[in-house]
Amino acid sequence: MGIVVLGTGSCLPKRVMSNVDLESIVDTNDEWIRTRTGIESRHIGGKDEQTYILASRAAEKAMVAAEVTPDQIGLIVVGTISSHMQMPSTACFVQTEIGAKNAFAYDLNAACSGFMYGLDLAYKYILADHSMKVLVIGAETLSSRLDWADRNTCILFGDGAGAAVFGFTDDDRGIIGTHMLSDGSLWELLHMHGPESSNPDLKVENNTGAFIRMEGREVFKHAVRAMEDSVNTLLASKGLSIDDISLIIPHQANIRILHKLVERLKVTPDKVFINVSKYGNTSAASIPIALDDANSQGLIAEGDMVLFCSFGGGFTWGAALIKW
Ligand code: ACO
């Protein structure tokens, strides 16, 4: 018995922005972006492609693939740092949009680890109640949270959503384990201000700073080390080694982080799924979009050992292992 992925789906905005397009926005160039990040293009959400719309379209595809109807969904969790509104949650908008009238719904802020933390929640909810079907979504429109004059950040990110439906099975497949960690003490290295959480003078002021800020080199080092640690800790706790893994689906931050991870984990590059060139870093959406890409390309077969790892602002990070 185990907790399995019943179906996956994803949705990308229609507009594609290439590196060359970016050259007319900030002082950058295609060659710099390709060699430093591996990114060639990213999708940018339009007026009617808000976070909850992308999330809902991805969710509908995942439910069709899972052969699950909206009224069978018991819980909707949306990992996002670019929520449609501060309140209600994007998950509540999704619930209405897809007609999941029997679900309860909430958002989860774990930055790029949002889908992974959601996977962990699904795992534990379904362990406690085998009848539960959980829709986990990672969805972002980070184009609305970027400082388009800051070339250190605006070239890295993209918009999109990915989703997976989790449920229970009687056979021996399913989630083998998860390993999740956070370290809030390093928040300044990667953060995004919003409205301040204190207003003692009761003033009405504009919020001017809801942009991603990042110390790129520091984030790079922490990301590689944390994902490597999480993967090794999880595998050791299950008496497994990296050789037991069929496919690794990591957070798609940038190609150099992924190459370093491949080197540290001592895996062959063909075992690591990479699609960052097409989408950039879509934060919480990156793993479920990659999972859906890998799944629809037929790269995952029943019984495969699929390993996920993520790292993001907080810092938050983790790894999860599924026997598919
Ligand atoms: N275009 C052209 N030149 C640029 C750009 C740009 N977009 N951005 C920076 N530069 C310049 C810098 O100004 C600097 O110029 P200088 O030497 O004249 O001062 C030069 O390029 C080198 O800049 P660095 O910041 O040192 O470049 P680095 O090699 O560290 O690469 C990068 C920057 C790509 C951000 C790298 O640090 C990185 O990959 N960090 C990881 C960050 C990340 O992926 N964050 C995503 C969120 S967290 C996550 O998802 C894991």
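Read on for an overview of the structure. Remember, it's a predicted structure, so these values are computed and weren't measured experimentally. (Residues numbered from 1 in each chain as written. Predicted model: local features only at pLDDT ≥ 70, side-chain atom pairs only at ≥ 80, totals over all residues. Heavy atoms only, no water.)

## Some words on the site of the ligand
Definition in use: Throughout, the term near means that a residue has one or more heavy atoms lying within 4 Å of the molecule or strand in question. Nitrogen and oxygen atoms within 3.5 Å of one another constitute a polar contact, given that in protein one can donate a hydrogen and the other can accept it, and given that sequence-neighbouring residues count only through two side-chain atoms. Surface accessibility follows the Shrake-Rupley procedure with a 1.4 Å probe radius. Residue values consider only the protein chains on display as shielding.
In the vicinity of the ligand lie 23 residues, with T28, R36, H251, N254 and N281 positioned nearest. In the model, an oxygen atom of the ligand is placed 3.3 Å from a nitrogen or oxygen of the W32 side chain. Contact between the ligand and R151: an oxygen atom at 2.8 Å from a side-chain N or O atom of the residue. When the ligand sits alone it has 1,000 Å² of accessible area, and the protein chains cover 76% of it.

## Concerning the sheet that holds strand β4 (residues 75–79)
Threshold: If DSSP finds at least two bridges between two strands, the strands pair. Put simply, DSSP marks the helices as runs of H or I at least four residues long and the strands as runs of E at least two long, and each gets a number from the N terminus on. Note on definitions: angles span 0 to 180 degrees between N-to-C directions of axes, and those axes are lines fitted to C-alpha atoms, for helices only across the stretch in contact. Should any heavy atoms of two residues lie within 4.5 Å, those residues are considered in contact.
Spatially, β1-β7-β6-β4-β5 is the arrangement adopted by the five strands of the open sheet, whose pairing is mixed. If you trace the sheet from one side to the other, it starts and ends with β1 (2–11) and β5 (104–108), each paired once. Neighbour-to-neighbour, the strand axes of this sheet turn through a mean angle of 20°, independent of strand direction. Both β4 and strand β6 (residues 134–140) contribute to a ladder of five bridges, which runs parallel. Of the residues in β6, the one forming a bridge with V78 is I137. Sheet contacts for helix α4 (residues 90–98): β4, β5 and β6; angle to β4, the most-contacted strand, approximately 130°.

## Quick notes on the nonpolar core
Spelled out, the test is: Throughout this description, the term nonpolar core refers to a set of buried Ala, Val, Leu, Ile, Met, Phe, Trp, Tyr and Cys residues connected via side-chain atoms within 4.5 Å. Remark: exposure states derive from per-residue accessible area (1.4 Å probe, protein chains only) relative to the maximum for the residue type, with buried under 20%, exposed over 50%, and partly exposed in between. Each domain span listed reflects an automatic or database assignment of domains.
Residues V231, I242, I245, I248, L307 and F311 are the most contacted members of the largest nonpolar core, which totals 45 residues. Sorting the residues of this core by element identifies α6 (216–237), α7 (255–265), β12 (305–312) and β13 (316–323) as the ones contributing at least two each. The element that contributes the greatest number of residues to this core is α6, accounting for eight residues. Taken domain by domain, the makeup of this core includes at least three residues from each of domain 1 (2–171) and domain 2 (175–194 + 208–323). With residues near it in sequence (within four places) discarded, F311 still touches C112, S113, V219, H222, A223, A226, M227, H251, T316 and W317. Residues L119, L247, L291 and W324 belong to the second largest nonpolar core, which totals 32 residues.

## Notes on the pairing of β5
Cut-off, in case you're wondering: Look down the strands so they point away from you; if going from the first strand over the helix to the second traces a clockwise path, that crossover is right-handed.
In terms of strand pairing, β4 meets β5 through five bridges, oriented parallel. Counted as the bridge partner of I76 is A105 from β5. Following the backbone out of β4, through α4 and into the adjacent parallel β5, one traces a crossover that is right-handed.

## Some details on unusual backbone geometry
Here the bond from M87 into P88 is cis, since omega is 0°, no more than 30 degrees from zero. Following the sequence through the fold, P88 ends up in the loop between β4 and α4. Looking along the chain, the bond that leaves G314 and enters F315 is cis, with omega of -10°. Positive phi, close to 55°, is recorded for K266, a residue that is not glycine. Secondary-structure assignment places K266 in the loop between α7 and α8 (276–279).

Interpretation note: all reported values are geometric properties and have no functional meaning in isolation.
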